[in-house]
Amino acid sequence: MTAPAPESEQILIIDFGSQLTQLIARRVREAGAYCEIHPCFRVDAGFLAAFAPRAVILSGGPASVIAAAAPDIDPAVFALGVPVLGICYGQQLMCARLGGTVEVSDHQEFGRAMLDIAGYCALFDGVWRQGARHQVWMSHGDRVTALPPGFRRVATSDGAPYAATADDARRFYGVQFHPEVVHTPDGAKLIASFVRKVAGCSGAWTMAAFRTAAIARIRARVGEAGRVVCGLSGGVDSSVAARLVHEAIGSRLTCIFVDHGLLRAGEADEVVRVFRGRFNVELVHRDASDMFLGRLEGVADPEEKRKIIGRTFVEVFDEEAARIGGAGFLCQGTLYPDVIESVSAFGGPSATIKSHHNVGGLPEHMKMALVEPLRELFKDEVRELGRELGLPDTIVGRHPFPGPGLAIRMPGAIRRDALDVLRRADAIFIEEIRTAGLYDAIWQAFAVLLPVKTVGVMGDARTYESVCALRAVTSTDGMTADSYPFDHAFLARVSTRIVNEVRGINRVVYDCTSKPPGTIEWE
């Protein structure tokens, strides 16, 4: 008997504009169930019938349920006969639409709060007991003040008399707090309880199961004779996508690795060694560094740098793909956050802080169909899949690296000789981080070469050389980040090595800005 696809027990997350919706999805995936996020305006009776969810989760959101233009929900959600969990705005909306009352609160809660468990419900099974008190994370201005028929109160807080509610007969549950964030210590357990106990999901969503199902899908899409080309950067996403497609179709995949001259030290050699040497992948290595750096000469504006790199990459990739010939499919390492962030919860465009690191679409004359084997996965799942596929940890566990490479780690105009200075400083920083056993505790770390020179003294002689900034952050998803709290001895050791070993730098500083207000990269 064939095992069911890991996506067969899917949970629908309806998004009302919360910045935390992706965290809900991650918690559901961690509980072993496949889920998808869809904006509220797209979910109607027809969509629900086609999607056939095992359960539904209603996200939080910035709006007020009692406002005239508040995001709403199709009542068909409550007629599906499946469990529903409403979180914050989702709880308020569920209660308001089923006959309860929501009002502006005179005791608003933002941040940590204490929850008193007033009763038992299936959502709390094995997690919380009646009479206990637990920390949660709140962020609300409105609150439920009267429950719909069939609901009962199961938890309270100082600012929310109905901080958790339950309708056991219909398996409808609502929480005013946010279980998806780490500041609710038992939040992941509550979501897992909803997924596994309330919704009855078996936990079949694993990367081993995904690997099997994805290979079958790739083979079905490409066919027995189809050929695929893949733009391989050496980063986690493109590497895992290429390895997965290669496992599915073997030599009918050709990877194109475009070296734009903006990579870190030794990076090009490693990509070639792993894919051509270890996995025997058909790999075209095009060193186009002279072309890229020539076009970037004198360009200081970061957005213009990105556009030049993107256009040139497409041009080079197009040339190599034409030389290969016969490929009907293009493999891209698109991830699930790329898919769901392309449309806001309300149908409008999202604000653009800066152009996306990854290169954009290919020219229209390249008539190839897309193969995007990772478009259902989050970054942590991609890393897990890469290990499942046998990729070395030097690739799977590596820190994120932007498509434009060192071009955006060198504010101002790019100089070839300065690129080598930056590479050496960056290599020392990463080497010291690895030696200290800190690499995996850090989301991203790198050096930045500033367009600033300062006076220094070396060997009783005056120097006038560049400043190097070091950046290291912790994060779970890259959406927010904090600077890593190195001790002074570590920073002093790195600074000493860079100044002594890298000609062209005489001062090192550490960037301790969080995101927000800063971004992780400097440009």
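Residues numbered from 1 in each chain as written. Predicted model: local features only at pLDDT ≥ 70, side-chain atom pairs only at ≥ 80, totals over all residues. Heavy atoms only, no water.

If you tally the helices and strands in the protein chain, you get 14 helices and 18 strands. Relative to the compact-globule value of 24 Å for 523 residues, the protein chain shows a C-alpha radius of gyration of 26 Å, a close match. Taking the principal axes of its C-alpha atoms as reference, the protein chain extends roughly 80 × 65 × 40 Å. Buried residues in the protein chain amount to 55% of all 523 residues. The contacts in the protein chain between residues at least 6 apart in sequence include a share of 76% that link residues at least 24 apart. Carbon together with sulfur atoms contributes 51% to the accessible area of the protein chain, which is approximately 22,100 Å² in total. Counting 56 positive and 62 negative side-chain charges, the protein chain places the centres of these two groups 2 Å from one another. (Helix = DSSP H or I, 4+ residues; strand = E, 2+ residues; numbered from the N terminus. Rg over C-alpha atoms; globule rule 2.2 N^0.38 Å. Buried < 20%, exposed > 50% of the residue type's maximum accessible area, 1.4 Å probe, protein only. Contact = heavy atoms within 4.5 Å. Areas by Shrake-Rupley, 256 points an atom, 1.4 Å probe, with all protein chains shown as cover. Lys, Arg positive; Asp, Glu negative; His and termini not counted. Charge placed at Lys NZ, Arg CZ, Asp CG, Glu CD.)

A few words now on the packing of aromatic side chains. Enumeration over the complete set of coordinates arrives at 14 aromatic pairs. Taken together, the ring pairs connect F429, Y484, F486, F490 and Y510 into an aromatic cluster. The side chain of R264 reaches across the aromatic face of F401, ending 3.9 Å from its centre. Positioned above the aromatic ring of Y439, the side-chain terminus of R434 is 3.7 Å from the ring centre. (Phe/Tyr/Trp six-rings, centres within 6.5 Å; stacked < 30°, edge-to-face > 60°. Lys NZ or Arg CZ within 6 Å of the ring centre and 35° of its normal.)

Glancing now at the pairing of strand β3 (residues 55–58). By the alternation rule, side chains of β3 split into A55 and I57 and V56 and L58, which are all buried. Pairing of strand β1 (residues 11–15) with β3, which is carried by four bridges, proceeds in the parallel orientation. Bridging across to β3, L12 finds its partner in V56. (Pairing = 2+ DSSP bridges.)

Before going further, it helps to spend a moment on the sheet that holds strand β10 (residues 228–231). Across the sheet, five strands lie side by side as β12-β11-β10-β13-β14; this open sheet has parallel pairing. Of all the strands in the sheet, just β12 (282–287) and β14 (369–371) have a single pairing partner and so form its edges. Going across the sheet, the axis of each strand differs from the next one's by a mean of 25 degrees, ignoring polarity. For strand β13 (residues 329–331) and β14, the ladder comprises three bridges, and the chain directions are parallel. Bridging from a neighbouring strand, F329 pairs with A369 of β14. Where helix α5 (residues 207–222) meets the sheet, it contacts β10, β13 and β14, and its direction lies at approximately 165 degrees from that of β14. (Axes fitted to C-alpha atoms, helices over the stretch in contact; angles between N-to-C directions.)

Right, let's get into the environment of P39. Examined against the element boundaries, P39 turns out to sit in strand β2 (residues 35–39). Accessibility expressed as a relative area gives 9% for P39, which makes it buried. Between the C-alpha atom of P39 and that of I14, which follows or precedes it by 25 residues, the distance is 5.8 Å.

Here the amide bond leading from K515 into P516 is cis, since omega sits at -15 degrees, within 30 degrees of zero. Mapping P516 onto the fold places it in the segment after β18 (505–511). Across the junction of P516 and P517, the peptide omega takes the value 10 degrees, indicating a cis bond. The residue P517 is located in the segment after β18 in this model. One non-glycine residue, A52, adopts positive backbone phi at about 50 degrees. Along the polypeptide, A52 turns up in the loop between α2 (45–51) and β3.

Let us now look at the environment of P179. As for its position among the elements, P179 is in the loop between β9 (172–175) and α4 (187–198). Exposure remark for P179: the relative accessible area of 2% places this residue in the buried category. It is 9.7 Å that separates the C-alpha atoms of P179 and C88, two residues lying 91 residues apart in sequence. The residues touching P179, leaving out its near neighbours within four places in the chain, are I87, T184, G187, A188 and I191.

If you check α4, its first and last C-alpha atoms are 15 Å apart, about what twelve residues at 1.5 Å a residue would give, namely 16 Å. If you check which residues of α4 are buried, you get G187, L190, I191, S193, F194, V195 and V198. In this structure, the buried side of α4 is in contact with β1, α1 (21–30), β3, β4 (84–87) and β9. Within two residues after α4, G200 carries a phi angle of roughly 75 degrees, on the positive side. (Expected span 1.5 Å × (residues − 1).)

So, on to the confidence of the model for the protein chain. Chain-level statistics for the protein chain give a pLDDT mean of 89 and a share of 93% at 70 or above. Taken together, the stretch residues 348–361 has pLDDT below 50 and engages in 23 contacts with residues farther than four places along the chain or on a different chain. (pLDDT = per-residue confidence, 0-100.)

All right, on to the nonpolar core then. Core analysis: the largest hydrophobic core is formed by 50 residues, its most contacted members being F429, I433, F486, I498 and I505. Of all the secondary-structure elements, those providing two or more residues to this core are β11 (253–259), α8 (289–296), α9 (302–324), α13 (416–435), β15 (444–458), β16 (461–474), α14 (488–501) and β18. When residues of this core are assigned to their parent elements, the largest contribution, nine residues, is made by α13. (Core = buried A, V, L, I, M, F, W, Y, C linked by side-chain atoms within 4.5 Å.)

With that out of the way, let us pick up α13. With 20 residues, α13 extends 29 Å between its outermost C-alpha atoms, agreeing within 8% with the 28 Å of an ideal straight helix rising 1.5 Å per residue. All of the buried residues in α13 are A418, L419, V421, L422, R423, A425, D426, I428, F429, I430, E432 and I433. Residues of α13 that are buried in the fold lie against α8, β15, β16, α14 and β18. Directly after α13, the chain includes G437, whose backbone phi takes a positive value near 75 degrees.

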